[in-house]
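Results of the structural survey
Next come the chains, spelled out residue by residue.
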Amino acid sequence: MATRARIGLELKDGSILSVYSHWDCYPQWLGRILTTHYNSKSLAEELIDGGDVSCAWTDERWDDSGKKGVYGPNYFSYRGEDCPPRLDADLCEYLLPENGEEYHYLFRNGEWVCYNMNTFEEKLPEVVEIPSGAYRYRDWETDRKSTRLNSSHLKLSRMPSSA
């Protein structure tokens, strides 16, 4: 299941230009990717200018651009979709919950801020911490194994006993 987000850039007039991101958008992954690889206004602009993304940091591509194997965003436009950035008038409009994303990221005042949209709860968006440090493949493997072990344990604990 996807963990979805919006990635936005606050403009001088307070409006916000943003894109949709489909995969791996929790702060431990996308938050760290943004603070590591898109940590300036110009890099945030470059990411957002490409439009909606399947994933903001991957070496996989849908097209024959020659970028396969090079890390960066995998834009929906690479498979022919027209998904330009969205412009919201202000922060209140940007944080409206109607879109169903779990997180909203915003580059403002030279840094990334993450809002937990509490999509599955009836709470207002709240700022959450983005963990520090680059997210490495080794971290992903550890998280994946931990999740798999926890998921297996949950499934096994729900099975009826054979006694």
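We now turn to the structure provided with this report. All residue numbers refer to positions counted from 1 along the written sequence of the respective chain. Selection of residues for local features in this predicted model requires a pLDDT of at least 70, selection of side-chain atom pairs for listing and counting requires 80 or more, and totals for whole chains, interfaces and linings are taken over all residues. Computation of side-chain values: all heavy atoms of the structure, hydrogens and water removed.

Looking at the overall build of the protein chain
Strands here mean DSSP runs of E at least two residues long; helices mean DSSP runs of H or I at least four residues long; both are numbered from the N terminus. Looking only at helices and strands, the protein chain features four helices and eight strands. Taken from the N to the C terminus, the helices and strands of the protein chain come in the order β-β-α-α-β-β-β-α-β-β-β-α. Under the scheme applied here, a residue whose accessible area is under 20% of the maximum for its type counts as buried, over 50% as exposed, and between as partly exposed, the area being computed with a 1.4 Å probe on protein chains only. Looking at the protein chain residue by residue over its 163 residues, the buried ones come to 37%. Whether two residues are in contact is decided by their heavy atoms: any pair within 4.5 Å suffices. For the protein chain, long-range pairs separated by at least 24 residues make up 50% of all intrachain contacts whose partners lie at least 6 apart in sequence. In these tables, accessible area is a Shrake-Rupley quantity obtained with a 1.4 Å probe, and a residue counts as shielded only by the protein chains included in the view. Here the protein chain has roughly 9,900 Å² of accessible surface; of this, 52% comes from carbon and sulfur atoms.

What about the layout of surface pockets?
To locate leftover empty space, one rolls a probe as large as a water molecule over the atoms. A cavity, in this analysis, means grid points on a 1 Å lattice covering only the protein atoms where a 1.4 Å probe fits yet has no way out; a pocket is instead an open set bounded by protein on both sides within 12 Å along at least five of seven lines, and a residue lines either one if it has an atom within 4 Å of a point. Grid points are joined across faces, edges and corners, and a volume is the space filled by probe spheres set on the points. Of the volumes computed, that of the second largest pocket is approximately 190 Å³. When residues of the lining of the second largest pocket are traced back to their parent elements, those giving at least two are α2 (41-49) and β4 (72-75).

Structural notes on the packing of aromatic side chains
Note on ring pairs: Phe, Tyr and Trp rings are taken, using the six-membered ring of Trp, and paired if centres are within 6.5 Å. Classes follow the plane angle, with under 30 degrees stacked, over 60 edge-to-face and the rest tilted. Counted under the stated rule, the structure contains six aromatic pairs. Ring plane angle 85° and centroid distance 6.1 Å describe the contact between Tyr38 and Trp57, whose orientation is recorded as edge-to-face. One end of the pair, Tyr38, is in the loop between α1 (27-37) and α2; the other, Trp57, is in strand β3 (residues 53-58), and 19 residues separate them in sequence. Here Tyr103 and Tyr105 contribute two aromatic rings whose centre-to-centre distance is 6.4 Å and whose plane-to-plane angle is 40°, an arrangement assigned as tilted. Here Tyr105 falls in the buried class, since its relative accessible area comes to 0%. An aromatic cluster is defined as three or more aromatic residues linked by ring pairs; in this entry it consists of Tyr38, Trp57 and Tyr71.

Focus on the pattern of salt bridges
Here, a salt bridge means any side-chain nitrogen of Lys or Arg that lies within 4 Å of a carboxyl oxygen of Asp or Glu. Taken as a whole and judged by the stated rule, the model has eight salt bridges. Notably, a salt bridge pairs Glu102 with Arg4, separated by 3.0 Å at the nearest N-O pair. Of this pair, Glu102 sits in the loop between α3 (91-94) and β6 (103-108) while Arg4 sits in the segment before β1 (5-10); the two residues are 98 residues apart in sequence, bridging distant segments of the chain. Relative accessible area serves as the criterion here: at 9%, Glu102 is assigned to the buried category. Given a relative accessible area of 24%, Arg4 falls into the partly exposed group. A salt bridge links Lys41 to Glu45, with the nearest nitrogen and oxygen atoms 4.0 Å apart. With Lys41 and Glu45 both in helix α2, this residue pair falls four residues apart, about one helical turn.

Overview of α2
Along α2, the residues classified as buried are Ala44, Leu47 and Ile48. The arc that holds every buried residue of α2, seen down its axis, measures 95°, which confines them to one face. Projecting away from the buried face of α2 at angles above 90 degrees are the exposed residues Glu46 and Asp49. Remark: Gly51 follows α2 within two positions and exhibits a positive phi of approximately 90°. Arc definition: directions from the helix axis to the C-beta atoms.

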